[in-house]
Amino acid sequence: MYQELKVIDIHTHIGSVKSWSPLLKGFIRVGLKELLEYIDEENLSATWLLPLPGKIEADINIISTNEVIKICKKYPCRLIPFCSIDPRVPKASELLKDFKKRGCKGLGEFKVKLPVDNPLSIELFEKAGELEMPVIIHMDNKFNPDIVKLKYVLEKCPHTVFILHGPGWWKHISAEAPDKEDYPTGKVVPGGLVEKLLLKYSNLYADLSARSGLNAITRDPAYSKEFLEKFSNRVLFGTDFPCLDIDATQFGVNKKHLNALISLNLSKKALKNILYENALNLIAF
Ligand SMILES: [Zn+2]
């Protein structure tokens with residue numbers, strides 16, 4: 001039945017990432033050709049193409065915003081350009097404005113080693129709100145920690161749309177989230193910070209991509225179904241293509257995120273929102 005569904009993958013990259021699967025040594029590298037192949041094979045309506053703000057880790061080498069803009073111009077319907085900025089660069093807000101003028105629809109992936117409530121970041125987030133650009137934030141112990149301070153950011157920037165992803169976000173789908181474990185398994189204890197924040201802040205969204213999102217919606221299917229129905233207008237389908245899962249299959253191509261959603265037997269409306277409508281609404285301006 002899902003062949004009829006329209007799908008936008010909101011979290012894809014071009015470049016190389018280190019495999020952290022024990023079954024595959026070294027790096028995986030994809031170019032534009034492979035991204036387009038993925039789009040065609042999975043019959044996606046479009047993908048959001050996310051750069052990173054320069055070299056953030058030795059293990060990751062993702063193309064820059066300028067390259068993303070250039071590539072997306074050639075495929076205006078299939079590839080949606082985002083920009084990524086380190087808020088510590090001079091005139092970061094001006095740069096964001098310029099990227100918007102050049103076609104970027106949002107800010108992300110925002111992956112910098114700063115606490116999420118850093119004043120420079122907040123300034124940039126406020127500007128993104130003004131420019132109607134949603135912000136995709138990667139959150140874990142190294143990048144943009146911590147989820148408790150996110151509340152302060154949401155209070156400060158009520159007009160900015162935030163889309164959260166990463167283990168530092170998704171492990172808090174449960175009220176019991178161990179400090180040291182990035183991908184906790186087993187039953188979800190209701191009332192986690194993810195749920196609490198989504199309930200309180202209507203400008204907050206969640207991105208299902210990568211292992212963190214997949215783990216969050218597969219660890220406790222009964223809870224997932226309830227959670228996704230409840231927040232179906234604020235959860236977005238994404239994969240983090242070309243990253244690898246622990247079994248060395250590639251997100252997106254391995255269909256794990258899509259199959260997990262299908263297997264939950266969500267209402268048609270919820271599934272449509274998560275796979276397509278929410279993504280479309282956030283950048284339709
Ligand atoms: Zn990513």
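Let me begin by describing the structure that accompanies this report.

Let us look at the coordination of the zinc ion. The protein atoms that coordinate the zinc ion are His11 (NE2), His13 (NE2), Glu109 (OE) and Asp240 (OD), at distances of 2.1 to 2.3 Å. With 4 donor atoms in place around the zinc ion and angles of 81 to 165° between them, the coordination shape is irregular. Positions of the donor residues of the zinc ion, expressed as sequence spacing, correspond to H-x1-H-x95-E-x130-D. With His11 in strand β1 (residues 8–12) and Glu109 in strand β7 (residues 106–110), this residue pair connects regions lying 98 residues apart in the sequence. Residue His11 shares its accessibility class with Glu109, and that shared class is buried.

So, on to helix α10 (residues 256–263). For α10, every residue scored as buried is listed here: His257, Leu258, Ala260 and Leu261. Along α10, the residues classed as buried sweep out an arc of 160° about the axis, all on the same side. Close packing links the buried residues of α10 with α8 (210–218), α9 (221–230) and α11 (268–283). Looking one or two places after α10, you find Asn265, whose phi comes out positive at around 50°.

A few words now on the sheet that holds strand β5 (residues 60–62). The sheet built from 3 strands is open, its strands ordered β3-β2-β5 with antiparallel pairing. A strand with exactly one partner marks an edge of an open sheet, and here the two such strands are β3 (27–30) and β5. Strand after strand, the sheet turns through a mean of 15° between neighbouring axes, direction not considered. Judged from the 3 bridges that link them, strand β2 (residues 15–18) and β5 form a sheet pairing that is antiparallel. By the bridge assignment for β5, Gly15 is matched with Ile62.

Where α10 meets α11, the axes come as close as 11 Å, and the angle between the chain directions of the two elements is 165°. Our classification of the angle between α10 and α11 gives roughly antiparallel. Considering only the axes of α10 and α11, their crossing is right-handed. In this structure, α10 uses Leu258, Leu261 and Ile262 to contact α11, whose residues at the interface are Leu271, Ile274 and Leu275. Split by residue class, the contact of α10 with α11 holds 6 nonpolar, no polar and no charged.

Parameters and conventions
Residues numbered from 1 in each chain as written. Predicted model: local features only at pLDDT ≥ 70, side-chain atom pairs only at ≥ 80, totals over all residues. Heavy atoms only, no water. Donors = N, O, S within 2.8 Å, 3.2 Å for Na, K, Ca; no water. Tetrahedral: all angles 85-135°; square planar, octahedral: opposite > 155°, others 65-115°. Helix = DSSP H or I, 4+ residues; strand = E, 2+ residues; numbered from the N terminus. Buried < 20%, exposed > 50% of the residue type's maximum accessible area, 1.4 Å probe, protein only. Arc of directions from axis to C-beta. Contact = heavy atoms within 4.5 Å. Pairing = 2+ DSSP bridges. Axes fitted to C-alpha atoms, helices over the stretch in contact; angles between N-to-C directions. Parallel < 35°, antiparallel > 145°, perpendicular 65-115°, else oblique. Left-handed = near helix turned anticlockwise from the far one by under 90°. Nonpolar A, V, L, I, M, F, W, Y, C, P; charged D, E, K, R; others polar.

Shape descriptors only; they carry no functional weight alone.
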